[in-house]
Amino acid sequence: MAVTIKTEHEIELMRIAGQYLAEVHEVLADALRPGMTTKDIDRLGEKTIRKLGGVPNFLHYNGYPASVCVSVNEEVVHGIPTDKRFIEEGDLVSLDTGLIYKGYHSDAARSYVVGNCDPEKMKLVEATKESFFRGIAAATDGAHLHDIGAAIEDYIEPFGYGIVQDLVGHGIGRHLHEDPEVPNFRQRSRGIRLRKNMTIAVEPMINLGTWQVDFLDDDWTVVTRDRKPSAHYENTILITDGAPEILTLPGGRKN
Ligand code: MF3
Ligand code: CO
């Protein structure tokens with residue numbers, strides 16, 4: 001599949017898909033508290049997506065059974081919501097979700113420490129978020145795709161954290177996953193040139209310890225090999241001739 005450049009009309013639809021998803025994440029952030037189950041989070045996410053007029057894009061994607069990936073502590077991504085897993089104070093919870101609006105996809109992830117009470121986890125969450133902003137600061141029209149991962153790595157390296165390499169960001173539009181792949185770490189090459197009106201999802205997954213991960217035999221859940229915590233932060237962005245527009249933050253905020 002080739003990398004696509006979106007038309008103005010497509011970008012308008014992706015803006016709406018992005019703004020709806022920003023709202024979904026705000027609803028989930030407000031609701032997140034100890035005692036709820038990971039399935040409660042998924043149900044609220046799905047209900048909110050549908051209420052806004054969107055369609056969940058993760059649900060049934062390659063057989064994935066939920067609308068929101070809920071990944072707790074050592075779970076990196078693709079945790080499967082269940083009514084048996086209760087959120088506890090101090091948990092690092094990553095929420096990854098997306099929706100389709102009039103045929104166009106949005107995709108975004110946030111990580112939180114419940115109760116804001118574990119400094120080591122909070123620092124990891126903050127650094128993961130900041131690494132996204134460092135990465136996209138390199139994503140201007142005419143820059144190269146792999147400049148993003150290089151900027152993420154430059155920022156993360158001094159912390160001594162591990163950057164997950166087995167999963168990457170991606171182009172997005174009429175499909176949840178389009179070309180190109182968007183690595184969150186340095187490559188040997190600079191990659192393809194970024195062009196105005198490309199839309200990509202940039203999604204650093206940062207581990208407190210080793211970068212290595214295991215895939216659990218539920219076919220989905222990705223966990224850190226050392227079982228230390230991991231954080232994830234993702235937005236769908238539009239490449240412009242200046243700074244990228246962040247489609248999945250309220251008001252297309254630049255940060
Ligand atoms: N959010 C994931 C990504 O960024 C996609 C999850 S697909 C699902 O690429 F099936 F696990 F939901
Ligand atoms: Co994604």
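Residues numbered from 1 in each chain as written. Chains lettered and ligands numbered in written order. Predicted model: local features only at pLDDT ≥ 70, side-chain atom pairs only at ≥ 80, totals over all residues. Heavy atoms only, no water.

Considering the overall build of the chain
Worth spelling out the cut-off: A run of H or I in DSSP counts as a helix once it spans at least four residues, and a run of E counts as a strand once it spans at least two, with each numbered from the N terminus. Throughout, exposure labels follow a simple rule: accessible area from a 1.4 Å probe, protein chains only, divided by the maximum for the residue type, with under 20% read as buried, over 50% as exposed, and the rest as partly exposed. We call two residues in contact whenever any of their non-hydrogen atoms come within 4.5 Å of each other.
Scanning the chain from terminus to terminus reveals 4 helices and 15 strands. Each principal axis of the C-alpha distribution contributes one length, and for the chain these read about 45 × 45 × 30 Å. The burial tally for the chain puts 56% of its 255 residues in the buried class. Partitioning the contacts of the chain with sequence separation of at least 6, the portion at a separation of at least 24 is 69%.

Description of the coordination of the cobalt ion (ligand 2)
Octahedral metal centres with six donors ideally show angles of 90 or 180 degrees, and tetrahedral centres with four donors ideally show 109.5 degrees. Under the convention used in this document: Here a donor is any nitrogen, oxygen or sulfur atom (N, O, S) within 2.8 Å of the metal, with 3.2 Å used for Na, K and Ca; water is not among the atoms considered, so some sites may look incomplete.
Taken together, the protein donors to the cobalt ion (ligand 2) comprise Asp-107 (OD), His-170 (NE2), Glu-203 (OE) and Glu-234 (OE), at separations of 2.1 to 2.3 Å. Every donor residue of the cobalt ion (ligand 2) comes from the same chain, spaced as D-x62-H-x32-E-x30-E. Linking Glu-203 in the loop between strand 9 (199–202) and strand 10 (205–207) with Glu-234 in the loop between strand 13 (230–232) and strand 14 (235–238), this pair joins segments that are 31 residues apart in sequence. Assessed through its relative accessible area of 7%, Glu-203 is described here as buried.

Things to note about the site of ligand 1
What counts is decided by this rule: The nearness test applies per residue and asks whether one of its heavy atoms lies within 4 Å of the molecule or strand. In the analysis that follows, any N or O atom pair within 3.5 Å is treated as a polar contact, provided that within protein one partner can donate a hydrogen and the other can accept it, and provided that, for residues neighboring in sequence, both atoms belong to side chains. To measure how exposed things are, a 1.4 Å probe is used in the Shrake-Rupley method; for residues, cover is taken only from the protein chains shown. In this count, Pro and Cys sit with the nonpolar residues alongside Ala, Val, Leu, Ile, Met, Phe, Trp and Tyr, while Asp, Glu, Lys and Arg are called charged and the others, Gly among them, polar.
In the region of ligand 1, the neighbouring residues are Phe-58, Tyr-61, Tyr-64, Cys-69, His-78, Asp-96, Asp-107, His-170, His-177, Glu-203, Trp-220 and Glu-234. Asp-96 places a polar side-chain atom, nitrogen or oxygen, 2.6 Å from a nitrogen atom of ligand 1. About the coverage of ligand 1: the protein hides 96% of its 330 Å² of free accessible area. Of the residues contributing to the shell around ligand 1, the split by class is 5 nonpolar, 3 polar and 4 charged.

Topic: the nonpolar core
Filter applied, for reference: By nonpolar core we mean a set of buried residues, namely Ala, Val, Leu, Ile, Met, Phe, Trp, Tyr and Cys, connected to one another through side-chain atoms within 4.5 Å.
The biggest cluster of nonpolar side chains holds 33 residues, and the ones touching the most others in it are Leu-28, Ile-41, Val-70, Ile-87, Val-93, Leu-95 and Leu-99. Broken down by secondary-structure element, the contributors of at least two residues to this core are helix 1 (8–31), helix 2 (38–51), strand 2 (68–72), strand 4 (92–101) and strand 5 (104–113). With 8 residues, the top contributor of residues to this core is helix 1. Here Val-93 is in contact with Leu-32, Val-70, Ser-71, Ile-87, Arg-110, Ser-111, Tyr-112 and Val-114, once residues within four sequence places are set aside.

Points about the sheet that holds strand 7 (residues 169–171)
The cut-off we apply is this: Here, a strand pair is defined by DSSP locating no fewer than two bridges between the strands.
Here 5 strands make up an open sheet; going across it, the order is 8-7-9-14-15 and the pairing antiparallel. Strands with a single pairing partner mark the edges of an open sheet, and in this sheet they are strand 8 (178–182) and strand 15 (245–246). Bridge count for strand 7 against strand 9 is 2 bridges, and the pairing is antiparallel. What sits directly across from His-170, in strand 9, is Ala-201.

Digging into the pairing of strand 2
Within strand 2, 5 of the 5 residues are buried, which leaves the element mostly enclosed by the surrounding structure. Side-chain alternation along strand 2 places Val-68, Val-70 and Val-72 on one buried face and Cys-69 and Ser-71 on a second face that is also buried. With 5 bridges joining them, strand 2 and strand 4 adopt antiparallel strand pairing. The residue of strand 4 that forms the bridge with Val-72 is Val-93.

Focus: the pattern of salt bridges
Going by this rule: In what follows, salt bridge is the name for a side-chain nitrogen of Lys or Arg lying within 4 Å of a carboxyl oxygen of Asp or Glu.
This structure, assessed with the given rule, holds 15 salt bridges. Measuring nitrogen to oxygen at the nearest pair gives 3.0 Å for the salt bridge that ties Asp-40 to Arg-43. Of the two residues, Asp-40 and Arg-43 are both situated in helix 2; the distance of 3 residues between them amounts to about one turn of the helix. Residue Arg-134 pairs with Glu-130 through a salt bridge whose shortest N-O separation is 2.8 Å. With a gap of 4 residues between them, Arg-134 and Glu-130 both fall in helix 3 (residues 119–137), about one helical turn apart. Judged by its relative accessible area of 28%, Glu-130 falls in the partly exposed class. Look at the salt bridges and you will find they share partners, linking Glu-12, Arg-15 and Glu-245 into a network.

Some points on the packing of aromatic side chains
Formally: Classification of ring pairs rests on two measures: the distance between centres of Phe, Tyr or Trp rings, Trp counted by its six-membered ring, which must be within 6.5 Å, and the angle between planes, read as stacked under 30 degrees, edge-to-face over 60 and tilted in between.
Scanning all chains against the criterion turns up 7 aromatic pairs. Aromatic pair Phe-133 and Tyr-233: ring centres 6.0 Å apart, planes at 40 degrees, arrangement tilted. Pair noted here: Phe-133 is in helix 3 and Tyr-233 is in the loop between strand 13 and strand 14, with a separation of 100 residues, a long-range link. The residues Phe-133 and Tyr-233 share a single accessibility class, namely buried. Between the aromatic rings of Phe-159 and Tyr-161, the centroid separation amounts to 5.2 Å while the plane-to-plane angle is 10 degrees, which identifies the pairing as stacked. Taking relative accessible area as the criterion, Phe-159 reaches 30% and is therefore assigned partly exposed. What links up through ring pairs into an aromatic cluster is the set Phe-132, Phe-133 and Tyr-233.

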